[in-house]
Every structure is written in structure tokens, then in C-alpha cells.
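# Commentary on secondary and tertiary structure
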Amino acid sequence: MNKVKIGLVGLGWMGAEHGRNILAHPRAELAAVCDADPANVRKFQAATGFKGKVFKDYKALLKSRVDAVVIASPNALHADMAVAAAQARKHIYCEKPMAINPADCRRIRDAVDRAGVKYLIGYHRRLNPLYQYARRLLDEGKLGKAFMVESDYLHHVPGNLGIWSWLGKEKVAGSLFHGGSGHNVDLIRYFCGDVTEVACMKGAFLPREPQVETEDTAVAVFRFASGAIGKVQCCVGPILPFHFNFKLYGTKGSVLDNHVWLDDMPRFAEAGRTSGGLTLPETWIPDNVQGGVGEPWDKLMAHFIAMLTDNTPCLNDVASAYQTSLACFAAVEAARRKKVITIKEMDQ
Ligand SMILES: NC(=O)c1ccc[n+]([C@@H]2O[C@H](COP(=O)([O-])OP(=O)(O)OC[C@H]3O[C@@H](n4cnc5c(N)ncnc54)[C@H](O)[C@@H]3O)[C@@H](O)[C@H]2O)c1
């Protein structure tokens with residue numbers, strides 16, 4: 001059986017996870033890796049026994065015999081790398097965020113469309129079993145019409161992590177809201193569809209050295225084309241363990257993290273809607289631990305490989321990634337300008 005040859009750019013925290021998942025997949029070959037820092041390459045080689053090609057420059061990797069690339073570099077580099085990959089006719093798995101401004105996102109979308117390559121954005125939580133379960137309930141009509149949704153990203157991100165060398169800098173990372181809560185915005189879009197308008201308030205409250213240049217805290221409110229409304233709260237640095245919650249309210253049922261209530265559940269209805277319901281495994285709640293069931297990076301990589309080997313339809317393509325990004329940019333703009341911002345305004 002032919003294996004799909006993948007090149008991996010960026011061997012930091014996320015790239016190393018992707019590298020391990022590609023190496024473990026029976027239908028993929030990790031043909032080449034690239035990192036600007038040779039120490040990170042050595043660390044990856046020592047941890048995995050990787051013996052394939054190594055490049056310092058991603059453009060050289062793109063000239064090698066790979067079918068696809070996984071981009072796991074700092075955010076501001078995603079645009080040039082994804083555009084170059086598309087122009088080299090390589091399929092793309094790109095880490096979130098898609099890019100750090102609307103113009104770069106459009107460059108990526110246009111290059112991908114022009115080249116006709118496949119593109120998957122790295123919002124792995126869509127494949128978390130909780131959200132797959134909730135999505136099935138919605139598709140089967142058991143939740144009725146979804147009218148309200150919320151999801152928050154509360155992540156203490158320890159100050160000693162290497163990622164702080166770039167994460168708080170606007171020119172390299174873009175906004176922290178997009179970087180962190182892009183996951184939540186993507187998730188609420190997965191359930192309620194495209195966003196039309198956004199309101200938001202934000203600030204930088206937490207003491208840090210160096211201080212975050214954008215915001216570490218934000219609350220954004222969304223209206224969807226379906227008429228539903230939603231909320232995403234982002235805080236990077238609160239004094240608590242990683243929290244990623246999700247609440248979906250439909251006209252016939254609700255999902256609150258791992259709890260489900262449907263209006264026709266016998267025990268719930270008989271109890272006057274005061275008890276009963278269904279409790280799903282707590283281990284399905286995202287915990288930001290590498291390789292856990294709640295954080296299915298391996299499943300998203302397997303989906304990407306299936307897109308290439310079996311033509312499996314893409315779960316979250318370039319057009320969808322663009323919509324999530326516009327909703328995030330609109331939130332930051334709404335806070336900055338103290339007014340509701342439409343997605344149309346961001347899409348020009
Ligand atoms: N999907 C998720 O849940 C998730 C989680 C964490 C990070 N991420 C994303 O993954 C990306 C990487 O984040 P990270 O936490 O791994 O950061 P990191 O700093 O640990 O790793 C980044 C790597 O990119 C390398 N790099 C920098 N410039 C490069 C260049 N020009 N060419 C090649 N390599 C280069 C660095 O040397 C480093 O090894 C970011 O976009 C981040 O938003 C996604």
C-alpha cells in the first residue's frame with residue numbers, strides 16, 4: 001500500500017505531537033522535517049528515532065518529494081508557508097490560527113483554491129467525542145433548533161513555556177483571542193454555522209514579563225446567520241487549571257459539557273425536568289494534555305491522511321478556516337472600536 005509522504009515544518013510543542021502521530025500512522029510516511037532551530041530537530045530525532053530528511057529552510061522542504069506538509073510554526077509564518085506550499089502543489093494541514101490578519105487569510109484561501117490542493121485547519125477539538133456526540137444529536141434533530149451556544153478558553157499557560165518567546169507579540173502571534181479562543185469560535189461555528197456580527201470587550205490584566213501586546217482576556221458575543229446567538233470568553237493566564245467548556249442549547253434539548261438533557265428523555269420528563277439526563281465520560285472534556293482522548297490531535301491527523309489516501313471530505317477546509325478567522329478578527333476589532341462589527345466589514 002502506498003504511503004502518503006508528509007513534510008513537517010516546526011518541531012516545537014505542537015509539531016512534535018504531529019510528528020509522533022504521523023510516524024505512528026500505517027498509511028503515512030514522515031519523509032522530511034524542518035525547523036529553524038537545530039536543537040529542536042535533535043530533540044525530535046532523539047525522542048522518536050526519526051531518520052528522514054532534515055531541512056532548515058521550509059522552501060527547500062517544499063522542493064523535496066513530499067505530497068503534503070504540516071505547518072506547526074509560529075502564527076505569523078503560517079501565511080507565507082501555506083501560500084508557498086500551495087504554489088508547490090502540496091496538500092496542507094496548517095496549525096491554528098490560519099494567519100494573523102484578514103489579508104493573509106485571503107492570500108492563503110486564494111492560493112489554495114488556485115492550486116486545487118487540500119487544506120485542513122488544525123482545530124482538533126471538533127473530533128473530541130463529546131462534540132461528535134453533540135453534533136450527532138443535532139443532526140438527528142434530537143436537540144431541535146440550536147439557538148444559543150457558548151464555549152470558553154481559560155488557560156493558565158505557565159510563564160516558563162518556550163511559546164512565550166513569541167506568543168504575546170502581536171506581529172508574531174496576532175491576537176491572543178484568535179490564538180486561544182479561535183478553538184472556541186471554530187467549535188461554536190461547527191454547531192451554529194457562520195457568524196454574521198460580533199460584539200466584544202477585552203483587556204490585558206495579568207502581570208507578565210514581557211507584557212502581552214494584545215489582550216489576555218476577552219468576552220465576545222456572536223450572532224449567527226441562523227439567528228442563534230453565542231458567547232466566547234478567553235483568558236490566557238487565570239489562576240486555575242486548563243478549562244475548556246461548551247454549552248449548546250436547542251429547542252428540544254441541551255448539552256452542557258458532558259451532560260445531556262432531551263425533553264423526551266423519560267426519567268428527565270417524569271422528574272419534572274429536575275433530575276435525570278445523561279452523563280458522558282468526564283475524560284472526554286478537553287484537558288490540553290498531549291495525546292489524551294479529550295484532545296484528539298491524532299484523530300485530526302488521521303483525518304488529514306484519510307483526505308489524501310481515501311478522498312475523505314475535509315472536516316474543516318480553507319473556506320471554513322477563513323470564516324472562523326474573520327469572526328475572531330471581528331471580535332478584536334469590535335473591542336477596539338467599541339461597536340458591533342459585521343463579518344462583511346472584515347471580508348474586504
Ligand atoms: N491545535 C492546538 O491545540 C495547538 C496547541 C499549541 C500550539 N498550536 C499552534 O501550533 C503552532 C506552533 O506552536 P508551538 O506551541 O508548537 O510553538 P513552539 O514555539 O513550541 O514551536 C514552534 C517551532 O517552530 C520553529 N520555527 C520557528 N521559525 C521557523 C521557521 N522559519 N522555519 C521552520 N521552523 C521554525 C521553532 O524553532 C519551534 O521549534 C502555533 O501556530 C500554535 O498556535 C496549536
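A short tour of the structure in this document, coming up. No experiment lies behind these values; they were computed from the predicted model shown.

### Brief notes about the site of the ligand
Close contacts around the ligand come from 27 residues, with Met14, Asp35, Asn40, Asn75 and Lys96 the closest. In the environment of the ligand, a nitrogen atom lies 3.0 Å from a nitrogen or oxygen atom belonging to the side chain of Glu95. Bound to the protein, the ligand loses 85% of the 850 Å² it would expose on its own. At the level of elements, α1 (13-24) and α4 (78-87) are the ones that each hand at least two residues to the shell around the ligand. Across the shell around the ligand, the residue classes tally to 14 nonpolar, nine polar and four charged. Of the domains in this structure, domain 1 (4-124 + 299-316) and domain 2 (125-294 + 323-346) are the two that each give at least three residues to the shell around the ligand.

### A closer look at the pairing of strand β8 (residues 195-203)
Here eight bridges tie β8 to strand β9 (residues 217-224), and the two strands are oriented antiparallel to one another. Counted as the bridge partner of Val198 is Phe222 from β9.

### Some words on empty space enclosed by the protein
Tallied over the entire structure, the rule returns one cavity of 30 Å³ or more. As a volume, the largest cavity reaches approximately 40 Å³. Val9, Tyr58, Leu61, Leu62, Val69, Ile71, Met81 and Ala85 together form the lining of the largest cavity. Listing elements by their share of the lining of the largest cavity, those giving two or more residues are α3 (58-63), β4 (68-71) and α4. With three residues, the single largest contributor to the lining of the largest cavity is α3. Here the lining of the largest cavity is composed, by residue class, of eight nonpolar, no polar and no charged.

### Some points on the pattern of salt bridges
According to the stated counting rule, one finds 21 salt bridges in the structure shown. Across the salt bridge formed by Glu29 and Lys5, the nearest N and O atoms sit 3.2 Å from each other. Remark: Lys5 occurs in strand β1 (residues 4-9) and Glu29 occurs in strand β2 (residues 28-34); sequence separation between them is 24 residues. Overlapping salt bridges bring together Glu170, Glu333, Arg336, Arg337, Lys339 and Glu345 as one network.

### Points about unusual backbone geometry
At the junction of Lys96 and Pro97, the peptide bond is cis and its omega measures out at -10° in the coordinates. Cis geometry is found at the peptide bond from Glu209 to Pro210, where omega equals 0°. Positionally, Pro210 belongs in the loop between β8 and β9. Located in the positive-phi region is Arg89, a residue other than glycine, with phi close to 60°. The topology assignment puts Arg89 in the loop between α4 and β5 (91-94). Among the residues examined, Arg89 registers a relative accessible area of 54% and is labelled exposed. With phi around 50°, Asp257 is a residue other than glycine that occupies positive phi space. Within the secondary structure, Asp257 is located in the loop between β12 (253-256) and β13 (259-262).

Conventions we followed
- Residues numbered from 1 in each chain as written.
- Predicted model: local features only at pLDDT ≥ 70, side-chain atom pairs only at ≥ 80, totals over all residues.
- Heavy atoms only, no water.
- Near = heavy atom within 4 Å.
- Polar contact = N/O pair within 3.5 Å; in protein donor to acceptor, adjacent residues only side chain to side chain.
- Areas by Shrake-Rupley, 256 points an atom, 1.4 Å probe, with all protein chains shown as cover.
- Helix = DSSP H or I, 4+ residues; strand = E, 2+ residues; numbered from the N terminus.
- Nonpolar A, V, L, I, M, F, W, Y, C, P; charged D, E, K, R; others polar.
- Domains from an automatic or database assignment.
- Pairing = 2+ DSSP bridges.
- 1 Å grid on protein atoms, 1.4 Å probe; cavity = no way out; pocket = protein on both sides within 12 Å on 5 of 7 lines; lining within 4 Å.
- Points joined across faces, edges and corners; volume = space filled by probe spheres on them.
- Salt bridge = Lys/Arg side-chain N within 4 Å of Asp/Glu carboxyl O.
- Buried < 20%, exposed > 50% of the residue type's maximum accessible area, 1.4 Å probe, protein only.

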